[in-house]
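# Residue-level structural notes
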Amino acid sequence: MAIRPVLRLGDPQLFKVASEVSEFNHPELDSLIEDMFDTMEAADGAGLAAPQIGISLRVAIFGFDCNPRYPDQNTVPKTVLINPKITPLSNEKEEDWEGCLSVPGMRGIVSRYKHIRYSGFNASGNAIDIEADDFHARVVQHECDHLDGIIYTQRLTDPLKFGFTDELFSSGQLSREDCSE
Ligand code: NI
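Scope of this entry: the structure provided in the associated data block. (Residues numbered from 1 in each chain as written. Predicted model: local features only at pLDDT ≥ 70, side-chain atom pairs only at ≥ 80, totals over all residues. Heavy atoms only, no water.)

### Observations regarding the side chain of Arg-58
Structurally, Arg-58 is set in the loop between β1 (47–49) and β2 (59–64). If near-sequence neighbours (up to four positions away) are discounted, Arg-58 is found in contact with Val-17, Ala-18, Ser-19, Glu-20, Val-21, Leu-81, Ile-82, Asn-83, Pro-84, Leu-147 and Asp-148. (Helix = DSSP H or I, 4+ residues; strand = E, 2+ residues; numbered from the N terminus. Contact = heavy atoms within 4.5 Å.)

Rendered as structure tokens:
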């Protein structure tokens, strides 16, 4: 169990395409996932991808009951998603503010698919196949992007709709009750 440092935007490791996991049910994989949950929870994150702690593997975690960084959002089940694949279930997209533990203190508007299906494996190698909407779908798309070396700042719909969380909040652009990072 350990909280690992989260790499920040500018670290070239964040832009690498991560490798598929080939061995499941493995103590090293289990301890990676444990460290990822410790790291995500310590930072009140909604999700975390292994490349964000410098491990170039296609492992993402997400989920929370109540998140102070996203107080208006419904709960998302705690999930370990390995070697994921995302299929949009419609062309409908939605714009919303997004943040990232690798870009601390900032938010930007990103357009994401509103309805998706995602599949992959859990740590034991059991297949996962889930339909998700709205914020749940957004978090999955955000975390899977990390596995392809993509940060949300590359997907901003408008460079003017991007900034420091406290400035966005005090100018009324962000309406979240609590925007602390
Ligand atoms: Ni992120």
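Further notes follow.
### Here we look at helix α1 (residues 27–42)
Spanning 16 residues, α1 covers 22 Å between terminal C-alpha atoms, matching the ideal 22 Å at 1.5 Å per step. Every buried residue of α1 is listed here: Leu-29, Leu-32, Ile-33, Asp-35, Met-36, Phe-37, Asp-38, Thr-39 and Met-40. On its buried face, α1 is in contact with β1, β2 and β3 (76–88). A positive backbone phi angle near 55° is found at Asp-44, which sits one or two residues after α1. (Expected span 1.5 Å × (residues − 1). Buried < 20%, exposed > 50% of the residue type's maximum accessible area, 1.4 Å probe, protein only.)

### Comments concerning helix α2 (residues 134–147)
Between its first and last C-alpha, α2 extends 21 Å over 14 residues, near the 20 Å set by a 1.5 Å rise per residue. Most of α2 sits inside the fold, with 13 of its 14 residues counted as buried.

### A few points about the sheet that holds β1
Taken together, five strands build an open sheet; the order of strands is β1-β2-β3-β6-β7 and the sheet is antiparallel. Each of the sheet's edge strands pairs with one partner strand only, and the pair in question is β1 and β7 (127–133). Across the sheet, the axes of successive neighbouring strands diverge by a mean angle of 40°, strand direction being ignored. Two elements, strand β6 (residues 115–121) and β7, share seven bridges in a ladder whose sense is antiparallel. Residue Arg-117 lies in a different strand from β7, and its bridge partner there is Glu-131. (Pairing = 2+ DSSP bridges. Axes fitted to C-alpha atoms, helices over the stretch in contact; angles between N-to-C directions.)

### Description of the pattern of salt bridges
For the coordinates displayed, the defined rule picks out 11 salt bridges. The partner of Glu-94 in a salt bridge is Lys-114, with the nearest N and O atoms 3.2 Å apart. A residue pair is termed long-range when its members are at least 10 positions apart, and Glu-94 in strand β4 (residues 93–98) and Lys-114 in the loop between β5 (106–113) and β6 qualify at 20 residues. One salt bridge connects Arg-117 with Asp-129, and the closest N-O pair in it is separated by 2.9 Å. Highlighted residues: Arg-117 in strand β6 and Asp-129 in strand β7, separated in sequence by 12 residues. Residue Asp-129 is classed as exposed on the basis of its relative accessible area, which comes to 51%. Connected through shared salt-bridge partners, Glu-98, Arg-112, Arg-138, Asp-145 and Arg-155 make up one network. (Salt bridge = Lys/Arg side-chain N within 4 Å of Asp/Glu carboxyl O.)

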